[in-house]
Every structure is written in structure tokens, then in C-alpha cells.
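Now for the letters of each chain:
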Amino acid sequence: MARVETDFDALIVGAGYGGIYQLYRLREMGLSAKVIDMASDVGGTWYWNRYPGAMSDTESFVYRFSWDKEDLQTYPWTHHYVKQPDVLAYLEHVVERHNLRKDMQFNTELLSAIWNDDAKYWQVELSTGESLKVRYLVTALGLLSKANYPDIPGIDTFQGLKVHTAKWPQGLDLSGKRVGIIGCGSTGVQVITDIAPRVKFLTCFQRHPQYSVPSGDRPVDPAYRQWVNENYDAIFDQVRNSAVGFGFVESTIPYKSVASAEEREAIFQSLWDAGNGFRFMFGGFNDITTDREANEAACAFIRKKIREIVKDPEKARKLQPHDYYARRPLCDGGYFEQFNRDNVDVVHLQETPITRITEKGVQTCDKLYELDVLIFATGFDAIEGNYNRIRIRGRGGLTLKDYWDPTGPTSYLGVSVPHFPNLLMITGPQGPFTNLPPALEAHVDLISRLIGRAESLCKASLDSAATPPVVEVTPEAEKEWCLECERIAEGSLFKETASWIFGQNVPGKKYALRFFFGGLKAFYDNVQRVIDNDYAGFKGLGQRADEDD
Ligand code: NA7
């Protein structure tokens, strides 16, 4: 069947970092593309997460696009970390600078996408009532966008204000209020640090205490900015050749290779002083997440710091974690210090669990905490949560939800799923676990390359009746990639520590590895191997020598 006319070559779903860059790339390739987003403007994660204290915990100089070199040199940032309004302003700026807004449509949700296998296009239905044919469906949904509410009895009876951090009401003034917060992951830690000084009383309902280290945030001095500007090429080169892509050089030193206890302590102290959670976890020793003794040494160091910072021994006891330091590493701008305030307390839910939420507040097994506002910093139904709410039907009517149901979400390189041709995911399951902007760029670069290849094969075909080539991974290649991800994660203490990374934060969610832990360099190497091997793993994209993409 000949190529059917479509409304757009590609529909990109999501106007955050990934969607913005993907639109830029497809437009550069001469393809027609449209971005839609449920939100009323650009920003993705940074549009929704407007809670007090929201900031990136990647340092500013690498929490941006690497591909606009002039902009890298000239766009201002005042602090070592970018706060939510700064990130939003930056993304709006990029969209204006590259005139991308004209191809974006907001307040628009993708309701369903059905693959037409005869004519090779996606038929998509939007919340606006529009129905479009598109050749490629690129999902830039974000890793964390479907809010997770805890399943606590009585949650709907609370008569005060309930707020999820990802849906923060504009202008909410917490001054003088009795506030409770459930959750102390990266979000909870940031909220608590920000609001503690101005609320009447803050009760932190903590299920697992967290290992958090200082962020090291401070204003940027001109000499540092000049150094960054002069070295940007080398900086992003290093990022792409690193594991976590945070702009520091990861350690190659095993913990036990440093013999003296003083020297080990000095390394931890220098990491603590430099700031940043990923640096603390990966910058001093190379085996904190794999060697139990190394991990315990990092834990003991952080526990000691908590005891030093928090003056009330009972609060300090409750705030000290005793499991592995093997969740997403956190950093903060004075989290533990907030517990020295008389108006801030912590409830250790493993000791005194919540029994229900009442109209007055939170009831634990021993006490009712009366509240005016209850904040849910309870995270997200990560990765597949964003996909499961859309009806996506691939070849033979198979839904993505059904395909993923038995095993948990899977893909090839985080971008492609068997039986779902021309569905291309930015940060799909088993993508790299790294600083996100460079990971998103890696995915967009790969997706653009795959689309370019399919398009060039299509143009090169002399047979006008030829079926257009599609981008689709083979089941074998997907399986191999999943095994590779499993192999790399083997021995990681992350596997032994419950978190959203393995789907353990949402009751009933499948325990499964949702990331490639091999690092950014290894991810790029794998992509290059695929391309060098005539698009190995992708059906029908190789076998012809007429590549011109
Ligand atoms: P996270 O990291 O998933 O943290 C959620 C927090 O909410 C965490 O402390 C959970 O405790 C807690 N939680 C979840 N459900 C409950 C119930 N039912 N009762 C008590 N406490 C609960 O989400 P964040 O938004 O902080 O961060 C997500 C990512 O966003 C982060 O990794 C960054 O990449 C940015 P738990 O530890 O599970 O006991």
C-alpha cells in the first residue's frame, strides 16, 4: 500500500525538555510535527511541580540543553542550582528563541492512539475532539507525572485542605497554618525545608527516613561562570562520557582500596562540603551502591551528621535511616536543620503507623494530629503510570498496558516496544538512570536518527506502492536489552531497597527494573553499536545500503 497522507509526520506528546528538543530536531529534519500537552503552557514536570522549594538537584550548568552553544554561553543563571521558576523561564525562553510555540497546542490530552497496520500510521484522538493521522507518535510524557496518592482509609473525609505537591494551588499561603506532610523523598525534603520557617506547626509523617546531604547551593560568582563558559564543550563531552551525567568526574576508587579510616572520612567530608547527592554517592568511591561495607560507611557518615545537626536526640533518632543508601540520592538546603525548630516534628510511621485520616487530621495508632493543611509528597506512579492512562493499541489491537502487564514495562533502549511500530518513547522504561537533560538528548538524538532512517528508506524506494518502513524493535532485541539491564543491575543495592525505581511505591505495581544502570557513556555506546550494525534490532531499517540520514 502506498504512503497515506497524514496530518503531521509526528505528534509529540509533552512539552517539557524532551518534547521541546524533539520538535526542534524534527523541524530541522524538514518534518512536520506538532506538540500537545495537557498543561496550559510549556514546562512538563516543571509546569506541574510548583510546590514551595521546588528545584533541580542537578547543578545549573548541566541542567540545560547542550545543543544551543550560543545560548549556553549567554543564558543567565544566578545560583548553582536552578529553582522551579528558573527552569520554567529557561524552557519558555528556548521555545521563544527557536520559534517552537507555533507548533504547540496546550490544554490538549492524548486520549487514544490506534495503529493502522495496513497504512502504517497512528490514528490519535485528542481531548479537544480532534482526530489526527500521524506517522510517528513520540511520547515525551516524563518519568514522573502521574501523581500517587496513598491508600489511607478516610482520606476523603479530611475537612482541611489536601494538596499533592505535583498539583500545588497557586498562591497557597501556609503562614500560621498547622500543616502535615506525608512523604520525605526529594519532594518532601524540599517542601519541608522551604515551609518550616513560616508555618505554625509542621508535622512530618515519615515512613522511611532519608539519607540526604547538603546541596551546596550558593550564588554563582562571575569567575566560575566564565570558567564554565570557556569549558562548555569539554563539560558536555565529559557528561556524555560519564555514568550519571551530573558534571563531576565519577570515582574509580573502591572504598576498601583506601586503607586509612581518616582518609576515608576525609573523602566523605569533602563530598559533604562540596554538596550534591549524586556526587556524594558516586564521586568519592566507585562502589557505594554495590559493596555493603562501603555503603554502610556512607550511611554511618550521614547518620553521624544527622546526630550532629539535630539537637533533640529523639528527633535525631527518628530521622536516621538504617536501610541501605540505595535510593535516588537526595540533597537539600538545610533539611535536617529544620527539625531544630520548635514548630517542626517528625512522626516515624514504622513505629506509630497512620491508622486513618479523619475530618480533623491524621490519626496514628497513638495520637490524632489536627491539621489545617495536609500535603501529599507521596511521589508518582512512575514511567508506565503515564502510559497506562492513554489507550495505546499497537499491531493486532494489542494495548501497551496489556503488553506490559505480565512483566512490568519493557522496551529496547528506552525508546521502542515490539508490536508498537513508530511509537517512540523519550525516557521510556529501561532508559538511562542519569541527569535527565542529557538522557533526554540521548533519546531524542536516537529517535531522530531512527525516524530519519525510516524516512530516507521511504524516499529511496522507487516503488510508489511500497509499504512505508516503520521503526519497530524485534521481540528478541527487546529481550536482550532487558537482560542486559538486569545483568548490569545485578549486585546493585538499589535492587534491595524499595523505591519507585522498581515500582515498589505504588501498591500492586509490578516489581521490575525500570532503568538502565550502565550509565550515559554505555548507553551512547549501545546506540552507536546499533547504528554501526545497520540498525540491529530494528525491523526493516537495515539491510539497505542507501543511508543518507
Ligand atoms: P518519592 O521519592 O517516591 O517519595 C515519596 C515519599 O512518599 C516517600 O517518602 C514515601 O515513603 C512516601 N510515601 C508514599 N506512600 C506513602 C504512604 N502510604 N504512607 C507514608 N508515606 C508514603 O517521590 P518524590 O516526589 O519525593 O520524588 C520523586 C522523584 O522526583 C525523585 O526521585 C526525583 O527524581 C524527582 P517511603 O520512602 O516509600 O517509605
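Remember, it's a predicted structure, so these values are computed and weren't measured experimentally.

Student: How do you make sense of the overall build of the protein chain when you look at a structure like this?
Tutor: Along its length, the protein chain carries 15 helices and 22 strands. Whereas a compact globule of 549 residues would reach a radius of gyration of roughly 24 Å, the protein chain reaches 24 Å, a difference of no more than 12%. Principal-axis analysis of the C-alpha atoms places the extent of the protein chain at approximately 80 × 55 × 45 Å. Going through the 549 residues of the protein chain one by one, you find that 58% of them count as buried. Of the contacts formed within the protein chain by residues at least 6 apart in sequence, a portion of 71% connects residues at least 24 apart. Total accessible area on the protein chain stands at roughly 21800 Å², and carbon and sulfur atoms take up 50% of it. Positive and negative charge centroids in the protein chain, built from 61 and 74 side chains respectively, lie 4 Å apart.

Student: How should helix H9 (residues 292-309) be read in this particular structure?
Tutor: It helps to recall that an α-helix has 3.6 residues per turn; residues three or four apart then point in one direction. Under the 1.5 Å per step criterion, the end-to-end length of H9 is 26 Å for 18 residues, consistent within 8% with the ideal 26 Å. Of all the residues in H9, the buried ones are Ala-294, Asn-295, Ala-297, Ala-298, Cys-299, Phe-301, Ile-302, Arg-303, Lys-305, Ile-306 and Ile-309. You can read the cap of H9 off the contacts: a side-chain oxygen lies 3.0 Å from the backbone nitrogen of Glu-293, and it is on Asp-291.

Student: How should the sheet that holds strand S16 (residues 361-364) be read in this particular structure?
Tutor: Through backbone hydrogen bonds, the strands of a sheet pair up, either in parallel or in antiparallel fashion. A sheet is described by the order of its strands in space; here three strands give the open sequence S15-S16-S17, paired in antiparallel fashion. Lying at the two open borders of the sheet, with one neighbouring strand each, are strand S15 (354-357) and strand S17 (368-370). Strand-to-strand twist of the sheet, defined as the mean angle between neighbouring strand axes without regard to direction, takes the value 20°. As paired strands, S15 and S16 are joined by three bridges and run antiparallel to one another. Along S16, the bridge assignment pairs Arg-356 with Gln-363.

Student: Teacher, can you tell me more about the site of the ligand here?
Tutor: The environment of the ligand is made up of 17 residues, and the closest members are Cys-184, Thr-187, Arg-207, His-208 and Arg-328. Take Cys-184: an N or O atom from its main chain is 2.9 Å from an oxygen atom of the ligand. Trp-500 has a polar side-chain atom sitting 3.1 Å from an oxygen atom of the ligand. Protein chains bury 85% of the 780 Å² of accessible surface belonging to the ligand in isolation. Along the lines of polarity and charge, the residues of the shell around the ligand split into eight nonpolar, seven polar and two charged.

Student: What am I meant to see in the sheet that holds strand S11 (residues 201-206) here?
Tutor: Sheet architecture is open: five strands sit in the order S9-S18-S10-S11-S14, paired in parallel fashion. Looking at the sheet topology across the chains shown, the edges are occupied by strand S9 (161-164) and strand S14 (344-348). Within the sheet, the average angular offset between the axes of one strand and its neighbour, ignoring direction, is 20°. Sheet topology places strand S10 (residues 178-182) next to S11; five bridges connect them, and they run parallel. Along S11, the bridge assignment pairs Ile-181 with Cys-204. Against the sheet, helix H5 (residues 186-195) touches S10, S11 and strand S18 (373-376), its axis set at about 165° to S10.

Student: How should the layout of surface pockets be read in this particular structure?
Tutor: Over the atoms rolls a probe the size of a water molecule, and its path tells where empty space is left. By volume, the second largest pocket amounts to about 390 Å³. Surrounding the second largest pocket, 18 residues form its lining, Ala-243, Phe-282, Asn-286, Thr-289 and Phe-517 being those nearest its centre. Each residue belonging to the lining of the second largest pocket can be placed in one class, and the counts come to nine nonpolar, seven polar and two charged.

Student: So what exactly am I meant to see when it comes to the environment of Arg-341 here?
Tutor: Relative to the elements of secondary structure, Arg-341 occurs in the loop between strand S13 (330-332) and S14. Given the relative accessible area of 33%, Arg-341 is considered partly exposed. On a C-alpha basis, the gap between Arg-341 and Ser-416 in space is 50 Å, while along the polypeptide they are 75 residues apart. Here Arg-341 is in contact with Ala-196, Pro-197 and Lys-315, once residues within four sequence places are set aside. Here the side chain of Arg-341 touches Gln-338 through a polar contact of 2.8 Å, side chain to side chain.

Student: Any chance you could explain the pattern of salt bridges here in plain terms?
Tutor: Pairs can form between side chains of opposite charge whenever their charged atoms are close. Here the structure, examined in full by the defined rule, presents 38 salt bridges. Two residues, Lys-509 and Glu-384, come together in a salt bridge whose shortest N-O distance is 3.7 Å. Remark: Glu-384 occurs in helix H11 (residues 384-388) and Lys-509 occurs in the loop between helix H14 (475-489) and strand S22 (515-516); sequence separation between them is 125 residues. Judged by its relative accessible area of 8%, Glu-384 is buried. Of the charged contacts in the structure, one is a salt bridge between Glu-472 and Arg-395, with a shortest N-O distance of 2.8 Å. One end of the pair, Glu-472, is in the loop between helix H13 (436-460) and H14; the other, Arg-395, is in the loop between strand S19 (391-393) and helix H12 (400-404), with 77 residues separating them in the sequence. Judged by relative accessible area, which is 1%, Glu-472 ranks as buried.

Student: What is the right way to look at the packing of helix H1 (residues 17-28) against H13 in this model?
Tutor: For any two helices packed against each other, one specifies the crossing angle of their axes together with the interaxial distance. Relative orientation of the contacting elements H1 and H13 amounts to 35°, with a least axis distance of 9 Å. The two elements H1 and H13 cross, and the hand of that crossing is right-handed. Packed against H1, whose contacting residues are Tyr-17, Gly-18, Tyr-21, Gln-22, Arg-25 and Leu-26, the element H13 presents Pro-437, Leu-440, Glu-441, Val-444, Asp-445, Ile-447, Ser-448 and Ile-451 at the interface. When grouped by side-chain class, the residues that make up the contact of H1 with H13 number eight nonpolar, three polar and three charged.

Student: Whenever I open this one, the pairing of strand S6 (residues 110-116) confuses me. Can you help?
Tutor: Every regular strand shows the same layout, with side chains that alternate between the two sheet faces. Here S6 runs beside strand S7 (residues 121-126); their pairing, made up of six bridges, is antiparallel. Pairing of Ile-114 across the sheet is with Gln-123, part of S7. Hairpin connection between S6 and S7: a loop of four residues separates the two successive antiparallel strands, and Lys-120 in this loop has a positive phi of roughly 60°.

Student: What should I look at first to understand empty space enclosed by the protein in this one?
Tutor: Applying the stated rule across the entire model yields two cavities of 30 Å³ or more. The wall of the largest cavity is formed by Arg-64, Phe-65, Trp-67, Asp-68, Asp-71, Leu-72, Tyr-75, Trp-77, Tyr-90, Val-94, His-98 and Arg-225. For the lining of the largest cavity, the secondary structure elements donating two or more residues are helix H3 (69-74) and helix H4 (84-97). Looking at side-chain class alone, the lining of the largest cavity contains seven nonpolar, one polar and four charged residues.

Analysis parameters
- Each residue is numbered by its place in its chain's sequence as written, counting from 1.
- Confidence filtering applies because this is a predicted model: local features only for residues at pLDDT of at least 70, side-chain atom pairs given and counted only at 80 or more, and all residues used for totals across whole chains, interfaces and linings.
- Each side-chain value is derived from all of the structure's non-hydrogen atoms; neither hydrogens nor water enter the calculation.
- Secondary structure elements are defined from DSSP: runs of H or I of at least 4 residues count as helices, runs of E of at least 2 residues count as strands, and each element is numbered from the N terminus.
- The quantity called the radius of gyration is restricted to C-alpha atoms. Its globule counterpart is 2.2 Å times the number of residues to the power 0.38.
- Exposure classes here rest on a 1.4 Å probe applied to the protein chains alone. A residue is buried below 20% of its type maximum, exposed above 50%, and partly exposed in between.
- The contact rule is simple, with two residues in contact once any of their heavy atoms fall within 4.5 Å.
- Only the protein chains shown count as cover for residues, and all accessible areas are computed by the Shrake-Rupley method using a 1.4 Å probe.
- Lys and Arg are tallied as positive, Asp and Glu as negative. Neither His nor the chain termini are counted.
- Lys charges are placed at NZ, Arg charges at CZ, Asp charges at CG and Glu charges at CD.
- Multiplying 1.5 Å by the residue count of a helix minus one yields the expected span of that helix.
- Residues adjacent in sequence count toward polar contacts only when both atoms are side-chain atoms; beyond that, a polar contact is any pair of N or O atoms within 3.5 Å, and within protein one must be able to donate a hydrogen and the other to accept it.
- Strand pairing is assigned whenever DSSP detects at least two bridges linking the two strands.
- For helices, the fitted axis covers only the stretch in contact; all axes are lines through C-alpha atoms, and the angles between them, taken along N-to-C directions, range from 0 to 180 degrees.
- Residues are counted as near a molecule or strand when any one of their heavy atoms sits within 4 Å of it.
- Charged residues are taken to be Asp, Glu, Lys and Arg, nonpolar residues to be Ala, Val, Leu, Ile, Met, Phe, Trp, Tyr, Cys and Pro, and polar residues to be all remaining types, Gly included.
- Using a grid of 1 Å spacing that covers the protein atoms alone, one calls a set of points a cavity when a 1.4 Å probe fits there but cannot get out, and a pocket when the set is open and has protein on both sides within 12 Å along at least five of seven lines; lining residues are those with an atom within 4 Å of a point.
- Grid points are joined across faces, edges and corners, and a volume is the space filled by probe spheres set on the points.
- We define a salt bridge as a contact between a side-chain nitrogen of Lys or Arg and a carboxyl oxygen of Asp or Glu at a distance within 4 Å.
- Helix crossings fall into two classes, left-handed where the near helix is turned counterclockwise from the far one by less than a right angle and right-handed where it is turned clockwise.

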